[in-house]
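Here are the chains, one letter per residue:
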Amino acid sequence: MMRTRYGLIFFILMVCTALKLSAQEKPIEVKPYTLETTYEKLKKEYPFIKPIEALKTGDFKVLEDLAHERVNGRELKADVYIPTAKAEKYPAVLLVHGGGWISGSKANVRPLALQLANHGYVAVTVEYRLSTEAIYPAAVKDLKAAIRWMRDQAEAFKIDTNRIAILGNSAGAQLATLVGVTGNSELYKDPQDTTSDAVQAIINVDGIVSFTHPESEEGEVAAQWLNGSRSENLKNWEEASPLTYINAKTPPTLFINSTQPRFHAGRDDMLQILNQHDIYNEIHTLPGTPHSFWLVQPWFNKTLQYSLSFLDRVFNKESSEVYKTLIVAQDGSGDHTSIQEAISNTRDLGPGFVKILIKEGVYNEKIEIPAWKRKIALIGMPGYEVVLVNSDYSGKLDSLSNKKHNTFTSYTLKVEGQDFYAENLTIQNTWCDKGQAVALHVAADRAIFKNCKILGCQDTVYTAGEGNRMLFDSCYIEGTTDFIFGQATAFFDACEIHSLSNSYVTAASTPKFQEYGYVLKQCTLTAAEGVDQVYLGRPWRPYAKTVFIESKLGEHIMSEGWNVWDGDAMFPHKERTVFYAEFQSTGAGANPDARVWWSHQLYEEEALLYTKEKVLSGKDHWDPDKQISILK
């Protein structure tokens, strides 16, 4: 009996071992990862996307298939894109393609490299060994060798060796970040490596920064590259995680992310460390995007815009001059008769501000300022009434696309280009029946609205985008429900906020690690006749932050002040995580003793943290007053 039992156990162990070996030996299917295959895959779920059209001509020259390294008898090739302006030296960017460490090629980042070169950056795309050829750390060493090669060839390629960035997407972003945070590390150096492999900036496009973080979902593809699963080779999984190395010497870093959480693994922890060391960083999440968004339009252009703006801030002194002025007049007396036409005829990613002066009229247009149209100023000419108006709403059938609008497509004016400025405009969505109808949708960093009227009902102003900052100076904003809502940091200075119905003024959805949400300073809250039960705000997401400073609250404001949004099954108990506060509110609606227990009344020392300068400055020390003075 005993012999039979041991025999059975031995047989089971043999079968399990055989099955395990069989599973290990089963090769991973390597699927092509190209611009073409990505477009074909994504267009089924995102029918509005378009393929990228690479630049055919521009202010650059191209050197193709240069050998940047020789390994095991073969050459690893690089393409170099060099600006042709008269500068002696240019900042440079090494671009690292993605593909799960197992596929992809430098052709995937060629369109981005062409654009970077056309805007004054030497762009270099390279081959590196994939996991089908060599496991970790081969790819890391190949990329560090590429940086050394760029420095060694700096004179030929016109590279400023003190201004080199590395940019990667997906698995390439993990690699780029790892290379960026381990500059000149002995871990990846060979004895003959004497040239520096350090970089001065990192751009991570939807790549993880930790294989071992609780958010990480990496599996067999990562295991093939790291020579074993997490349980089999924890050393490599930890060693290949950029988060392991973040410290006071980490270069400035930009994250451009999809809305797919698995590709954010470790990002927020890295940002916290960067902030502790006061290292400049940016984060931009593109709403409603899939992974690989950067390989198709319209998201390629947004990726380019965020990358260029970041690189310009880190490496170049951005132009703050007005280089062009246009006039819009419906009677034909200006340069253009429509606002959208004027915007479309400005230079993409232009060198300075374009001032668009608008003459009197009601402009019935649906206006969009895309990400690649930065530094646009729309200014209603003094003494004129300029109204931008539309009436789209969630559920309305669009006459052109034959698709129903949702909240985020119902806008009258949508702004995605950074450093936008608007003055003396009325921006209105006239739909005030049932449903959401956005008048102003702002998904841009460093946007300013001065002396504007923003009119609507439900969801009047959408302040979109993690990390974006915007100023509303002396504006009038009216609406019914949640008529100021979104993720961005927004400062409302001396504005009138007018409620048209008994409901909620704000609905912030501040990201967890974002320092500020909404700050309303010296604002006046008013209401239509008969409106007498309005809350200052309710949280759209758990970490909403809204603070009123020295504001005058009308009698329509409820004594409890704030609402927790009961019945939200997705995010219950938001009172535990929100930050709602006031400082020296006045008026009939000011009632600090009756406010909900989970809100705050600030001390004077705490209120000093909510000045315009502190809220909006950021790591780039943005000064909106300077921007206003330039455009006056």
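Model, not experiment: these values are computed from the prediction. (Residues numbered from 1 in each chain as written. Predicted model: local features only at pLDDT ≥ 70, side-chain atom pairs only at ≥ 80, totals over all residues. Heavy atoms only, no water.)

A.B. asks: What am I meant to see in the overall build of the protein here?
C.D. replies: When its secondary structure is counted, the protein shows 14 helices and 34 strands. The C-alpha atoms of the protein give 27 Å as radius of gyration, which agrees with the globular expectation for 632 residues (26 Å, within 12%). In terms of overall dimensions, the protein has C-alpha extents of about 85 × 80 × 55 Å along its principal axes. Going through the 632 residues of the protein one by one, you find that 57% of them count as buried. Across the protein, every contact between residues at least 6 apart in sequence was considered, and the portion connecting residues at least 24 apart equals 71%. Counting only carbon and sulfur atoms, one obtains 50% of the accessible surface of the protein, whose full area is about 27200 Å². Computed over 65 positive and 78 negative side-chain charges, the separation of the two mean positions in the protein equals 5 Å. (Helix = DSSP H or I, 4+ residues; strand = E, 2+ residues; numbered from the N terminus. Rg over C-alpha atoms; globule rule 2.2 N^0.38 Å. Buried < 20%, exposed > 50% of the residue type's maximum accessible area, 1.4 Å probe, protein only. Contact = heavy atoms within 4.5 Å. Areas by Shrake-Rupley, 256 points an atom, 1.4 Å probe, with all protein chains shown as cover. Lys, Arg positive; Asp, Glu negative; His and termini not counted. Charge placed at Lys NZ, Arg CZ, Asp CG, Glu CD.)

A.B. asks: What's the story with the layout of surface pockets in this structure? I'm lost.
C.D. replies: Quantified by volume, the second largest pocket comes out at close to 890 Å³. Contributing to the lining of the second largest pocket are 28 residues, with Tyr33, Lys41, Gly99, Gly100 and Ser103 lying nearest its centre. Ranked by the residues each element gives to the lining of the second largest pocket, the list is headed by helix H2 (residues 35–42), at four residues. (1 Å grid on protein atoms, 1.4 Å probe; cavity = no way out; pocket = protein on both sides within 12 Å on 5 of 7 lines; lining within 4 Å. Points joined across faces, edges and corners; volume = space filled by probe spheres on them.)

A.B. asks: What exactly am I supposed to notice about a negative patch on the surface here?
C.D. replies: Where like charges cluster on the molecular surface, the negative patch consists of Glu550, Glu604, Glu605 and Glu606. Turning to its location among the elements, Glu604 is positioned in helix H12 (residues 604–607). The class for Glu604 is exposed, based on a relative accessible area of 56%. (Patch = residues over 30% accessible without salt bridge, like charges linked within 9 Å, V, L, I, M, F, W, Y side chains within 5 Å. Salt bridge = Lys/Arg side-chain N within 4 Å of Asp/Glu carboxyl O.)

A.B. asks: Would you mind showing me how to read helix H6 (residues 171–181) here?
C.D. replies: Note: α-helices contain 3.6 residues per turn, so residues at a spacing of three or four share the same orientation. Within H6, 11 of the 11 residues are buried, leaving the element largely enclosed by the surrounding structure. Burial in H6 covers these residues: Ala171, Gly172, Ala173, Gln174, Leu175, Ala176, Thr177, Leu178, Val179, Gly180 and Val181.

A.B. asks: How should the state of the cysteines be read in this particular structure?
C.D. replies: As used in these notes, a disulfide is a covalent bond between sulfur atoms, one from each of two cysteines. Following the criterion strictly, the structure yields one disulfide and no others. Sulfur-sulfur distance for the disulfide between Cys432 and Cys457 comes to 1.7 Å. Linking Cys432 and Cys457, the disulfide has an S-S dihedral of approximately 90° and is accordingly described as right-handed. In this pair, Cys432 sits in the loop between strand E17 (426–429) and strand E18 (440–442) while Cys457 sits in the loop between strand E20 (453–455) and strand E21 (461–463), placing the two residues 25 residues apart along the sequence. Just so you know, Cys452 is unpaired, no disulfide at all, and the nearest cysteine sulfur is the one on Cys475, 4.9 Å from it. (Disulfide = S-S within 2.5 Å.)

A.B. asks: Would you mind going over the sheet that holds strand E26 (residues 496–499) with me for this structure?
C.D. replies: Hydrogen bonds between backbone groups are what pair the strands of a sheet, and the pairing can be parallel or antiparallel. One open sheet accounts for eight strands, arranged E11-E14-E17-E20-E23-E26-E29-E32; its pairing is parallel. Every interior strand has two partners, whereas the edge strands, strand E11 (361–364) and strand E32 (552–553), have only one. Here three bridges tie E20 to strand E23 (residues 476–479), and the two strands are oriented parallel to one another. Residue Leu455 lies in a different strand from E23, and its bridge partner there is Glu478. (Pairing = 2+ DSSP bridges.)

A.B. asks: It is not clear to me how the side chain of Arg469 should be interpreted in this structure. Could you clarify?
C.D. replies: Looking at the element boundaries, Arg469 is found in strand E22 (residues 469–473). Residue classification places Arg469 among the buried residues on the basis of a relative accessible area of 8%. Residues within four places of Arg469 in sequence aside, it is in contact with Arg313, Ala444, Asp445, Arg446, Ala447, Thr489, Leu616, Ser617, Gly618, Asp620 and Trp622.

A.B. asks: So what exactly am I meant to see when it comes to the pattern of salt bridges here?
C.D. replies: Where side chains of opposite charge bring their charged atoms close, a pairing between them can arise. On inspection of all chains with the given rule, the structure shows 37 salt bridges. For Arg313, the salt bridge goes to Glu282, with nearest N and O atoms at 3.0 Å. Note that Arg313 is positioned in helix H10 (residues 299–315) and Glu282 in strand E8 (residues 281–285), a separation of 31 residues in sequence. Across this residue pair, the class does not change: Arg313 and Glu282 are buried. For Lys612, the salt bridge identified is with Asp625, shortest N-O distance 3.0 Å. Of the two residues, Lys612 sits in helix H13 (residues 612–616) while Asp625 sits in helix H14 (residues 624–631), which places them 13 residues apart along the sequence. Among the residues examined, Lys612 registers a relative accessible area of 13% and is labelled buried. It is possible to trace a salt-bridge network through shared partners that takes in Glu282, Arg313, Lys375, Asp419, Asp445, Arg446, Arg469 and Asp620.

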